[in-house]
Amino acid sequence: MKVRMSSLILGAALCAMVAGMPSHARAGDETETAELLIALIKAGRAVVSEHQALINDASKGNKGFTDEFVGHEIIEKFKAKTRVDLSRPNGIPQSRLLLTMLESEREVVLEAQPVINKQGVAFKGFIPAVFARKAGQMFHRKTGIKMKLTGANYRFPGNKPDDFEAEVLRMFANPRHPKGQQYAKVTMVDGKSVLRVMEPEYADATCLTCHGGPTGERDITGMKKEGWKEGELAGAISVVMPLR
Ligand code: HEC
């Protein structure tokens with residue numbers, strides 16, 4: 001059993017594998033749950049990104065970028081991507097977890113209100129990556145499910161990839177890895193069986209103002225730019241979900 005559980009499983013193959021493993025039949029559902037959670041955190045990040053100019057506007061005090069507004073925007077974005085409507089959340093088995101993630105995202109925005117609404121300051125450090133990290137931490141405290149943004153040349157120490165993540169990031173960076181394909185594996189962490197899912201992320205033009213060239217130049221956050229090029233692997237969203 002141990003051997004089968006730790007065997008490498010890729011994408012949809014996971015469902016087929018676990019079909020023959022009654023005691024872990026739930027891993028297939030859990031993969032879908034992880035994918036939905038990733039989509040929900042990405043929706044939140046996109047909402048922050050789309051309102052970055054507003055958030056960074058030094059001339060405005062109250063910006064109306066409230067937790068309620070953001071919650072609504074996230075629901076709309078998530079619905080457009082997944083067809084799951086969290087304003088009427090009873091249809092699917094993952095509802096409770098998804099609502100907990102939504103609540104975490106809203107709480108991060110609520111806590112940041114004094115920062116976001118500060119007049120006279122342009123850049124406030126409230127950016128998609130920081131928002132997503134904090135929402136992930138909040139969600140972890142509530143559910144025990146870990147979610148993080150990680151990358152080979154990470155900036156924030158807490159985003160450092162662990163051994164598993166580093167290995168999968170190397171695999172994602174291989175030009176032979178199909179672009180965008182996730183990686184999922186049932187494995188053991190601290191003697192407990194967990195499902196790990198990672199989704200690769202690539203640099204687009206909007207990332208390059210901070211992560212692009214010239215390498216070593218300071219970006220708006222004061223950190224050194226990595227020199228990424230458009231289309232390059234930027235990192236991954238990593239989920240560690242305990243299996244019962
Ligand atoms: C405003 C500048 C800025 C922009 C634009 C930006 N990032 Fe980042 N990014 C950061 C900062 C700062 C961090 C560290 C966040 C933290 O404290 O967790 C970070 C963290 C990350 C990480 C996690 C690993 C690490 O470095 O800690 C990834 C992956 C990442 N960014 C990818 C992207 C991608 C992909 C885009 C475009 C879609 C993007 N970033 C746009 C500034 C930026």
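So, here's what we can say about the structure. The shown structure was predicted, so the numbers you read here are calculated from the model rather than taken from an experiment.

**Observations regarding the nonpolar core**
Counting residues in each nonpolar core, the largest one holds 43 residues, and the members touching the most others are Leu37, Phe65, Phe78, Leu98, Phe126, Met147 and Val239. For this core, the secondary-structure elements that each account for two or more residues are α3 (26-50), α5 (67-82), α6 (95-111), α8 (128-143), β2 (183-189), β3 (192-202) and β4 (233-242). No other element matches α3, which puts eleven residues into this core. Beyond its immediate stretch of four places on either side in the chain, Phe78 contacts Leu36, Ala39, Leu40, Ala43, Arg83, Val84, Leu86 and Leu98.

**What to know about the side chain of Asn159**
Within the element layout of this structure, Asn159 appears in the loop between β1 (146-150) and α9 (163-173). Relative accessible area serves as the criterion here: at 17%, Asn159 is assigned to the buried category. Not counting residues up to four positions away in its chain, the partners in contact with Asn159 are Arg133, Lys148, Leu149, Thr150, Gly151 and Tyr154.

**What to know about the coordination of the iron atom of the ligand**
With respect to protein ligation, the iron atom of the ligand binds only His211 (NE2), at 2.0 Å. On the secondary structure map, His211 appears in helix α10 (residues 208-211).

So, how was this worked out
- Residues numbered from 1 in each chain as written.
- Predicted model: local features only at pLDDT ≥ 70, side-chain atom pairs only at ≥ 80, totals over all residues.
- Heavy atoms only, no water.
- Core = buried A, V, L, I, M, F, W, Y, C linked by side-chain atoms within 4.5 Å.
- Buried < 20%, exposed > 50% of the residue type's maximum accessible area, 1.4 Å probe, protein only.
- Helix = DSSP H or I, 4+ residues; strand = E, 2+ residues; numbered from the N terminus.
- Contact = heavy atoms within 4.5 Å.
- Donors = N, O, S within 2.8 Å, 3.2 Å for Na, K, Ca; no water.

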